[in-house]
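Each chain, letter by letter, is given below.
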Amino acid sequence: MIDLSHSTPFASGSNRHCFRHPDDPQRCLKVIRPENIEARFQRQSRLKKMLGKDRLDDNRQELAANQQSAIRHLLASGQEALLWAHLPRFYGTCHTTLGPANESQLILADNGEPAPTLETYLQHYGFDSPVQEAVTRFCEWLSKTGILTRNLLPHNLVIADRLDELTLFLVDGLGAPPIPQALAVSPTWRARYIGRRIRRFYLRIEWELSGRHKSWEYSQKL
């Protein structure tokens with residue numbers, strides 16, 4: 001049992017808190033915020049409530065996402081270096097005083113602190129050449145590996161210096177909804193799905209840099 005009673009999360013999202021592992025500061029522990037999941041569930045329509053709360057549990061979704069066929073293939077074929085080039089290593093679940101946690105590699109900056117998000121980088125430096133190249137390499141990796149993700153959002157990617165170049169790591173949003181996941185057995189469909197995620201990623205970056213004057217829902221339809 002990992003004691004998090006005296007720990008403060010270094011980051012928090014709508015559904016999870018992220019803690020540094022108290023015994024291994026190079027690992028991250030993601031703990032569900034049950035009160036937020038309950039609030040989301042209560043806002044659902046009666047039909048969606050029939051599907052249960054598990055589908056709102058980001059830890060369950062992340063566990064399933066790490067079992068997707070592209071990741072299993074890379075592990076089975078000895079291509080771990082390629083797999084973890086843009087993903088934090090995933091170690092499964094563990095027990096904490098705050099409930100079950102997903103345990104993964106914590107991507108660190110040169111100063112030993114958690115790496116900043118792409119969203120933060122864009123706010124400070126814009127879409128400059130180094131980060132443009134980092135985004136290109138990340139998107140090429142997605143296409144090469146066939147790894148499925150949800151929409152790529154700048155606050156779900158962190159950026160760190162690796163071998164003297166900026167590198168993006170996807171720390172949240174891995175995996176696809178059930179229907180796209182099932183259709184991904186077709187290589188052609190998988191490539192189209194990933195291509196759509198990449199195109200929408202560039203649109204999202206443009207939207208972030210535009211000052212968000214229009215809603216994202218409106219902007220992504222342009």
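In this convention, every chain numbers its residues from 1, walking through the sequence in written order. A pLDDT threshold of at least 70 governs which residues receive local features in this predicted model, and a stricter bar of 80 or more applies before side-chain atom pairs are shown or counted, although totals over entire chains, interfaces and linings include all residues. Remark: hydrogens and water are excluded; side-chain values derive from all non-hydrogen atoms of the structure.

Q: Sorry, what's going on with the pairing of strand β5 (residues 99–105) here?
A: For a regular strand, side-chain orientation follows a simple rule: the groups alternate between the two sheet faces. DSSP-based pairing: two strands are paired if at least 2 bridges between them are found. What counts as a helix is a DSSP run of H or I of at least four residues, what counts as a strand is a run of E of at least two, and both are numbered from the N terminus. In the sheet, strand β3 (residues 24–32) pairs with β5 via five bridges, with the strands oriented antiparallel. Following the sheet pairing, leucine 29 is matched in β5 by glutamate 103. Examined bridge by bridge, strand β4 (residues 90–96) and β5 share six bridges and lie antiparallel to one another. Bridge assignment links threonine 93 to a residue of β5, and that residue is asparagine 102. Between β4 and β5, which follow one another and run antiparallel, lie two residues.

Q: Explain the sheet that holds β3 to me, please; I cannot follow it from the model alone.
A: Each strand in a sheet pairs with another by means of backbone hydrogen bonds, the pair being arranged parallel or else antiparallel. The sheet built from five strands is open, its strands ordered β1-β2-β3-β5-β4 with antiparallel pairing. With one partner strand each, in any of the chains shown, β1 (11–12) and β4 form the two edges of the open sheet.

Q: Can you walk me through the state of the cysteines in this structure?
A: Every disulfide links exactly two cysteines, by a covalent bond between their sulfur atoms. Cysteine sulfur atoms that come within 2.5 Å of each other are treated as a disulfide pair. Under the criterion given, the structure shown has zero disulfides. The thiol sulfur of cysteine 18 is not disulfide-bonded, and the nearest other cysteine sulfur, from cysteine 28, lies at 4.5 Å. Summary of the burial criterion: residues with accessible area below 20% of their type's maximum are buried, those above 50% are exposed, and those between are partly exposed, where the area comes from a 1.4 Å probe applied to protein chains only. For cysteine 18, a relative accessible area of 16% gives the class buried.

Q: Sorry, what's going on with the pattern of salt bridges here?
A: Oppositely charged side chains are able to pair whenever their charged atoms sit close together. Salt bridges are identified by distance alone: a Lys or Arg side-chain nitrogen within 4 Å of an Asp or Glu carboxyl oxygen. If you walk through the whole model with that rule in mind, you get nine salt bridges. For the salt bridge of glutamate 62 with arginine 16, the shortest nitrogen-to-oxygen distance reads 3.1 Å. With glutamate 62 in helix α3 (residues 58–65) and arginine 16 in strand β2 (residues 16–21), this residue pair connects regions lying 46 residues apart in the sequence. For the pair formed by glutamate 62 and arginine 16, the shared burial category is buried. For glutamate 80, the salt bridge is made with arginine 89, and the minimal N-O distance between the two is 3.4 Å. Accessibility expressed as a relative area gives 35% for glutamate 80, which makes it partly exposed. What emerges from the salt-bridge pattern is a single network uniting Arg16, Lys30, Glu62 and Asp172.

Q: Help me out: how do you make sense of unusual backbone geometry in this one?
A: A negative phi angle characterises most non-glycine residues, just as the trans form characterises most peptide bonds. We note that leucine 163 has phi near 55 degrees; this positive angle belongs to a residue other than glycine. Examined against the element boundaries, leucine 163 turns out to sit in the loop between β6 (157–162) and β7 (165–170). For leucine 163, a relative accessible area of 84% translates into the label exposed. Residue aspartate 164 is not a glycine yet carries a positive backbone phi of 65 degrees. With respect to the element layout, aspartate 164 can be found in the loop between β6 and β7.

None of this, on its own, says anything about what the molecule does.
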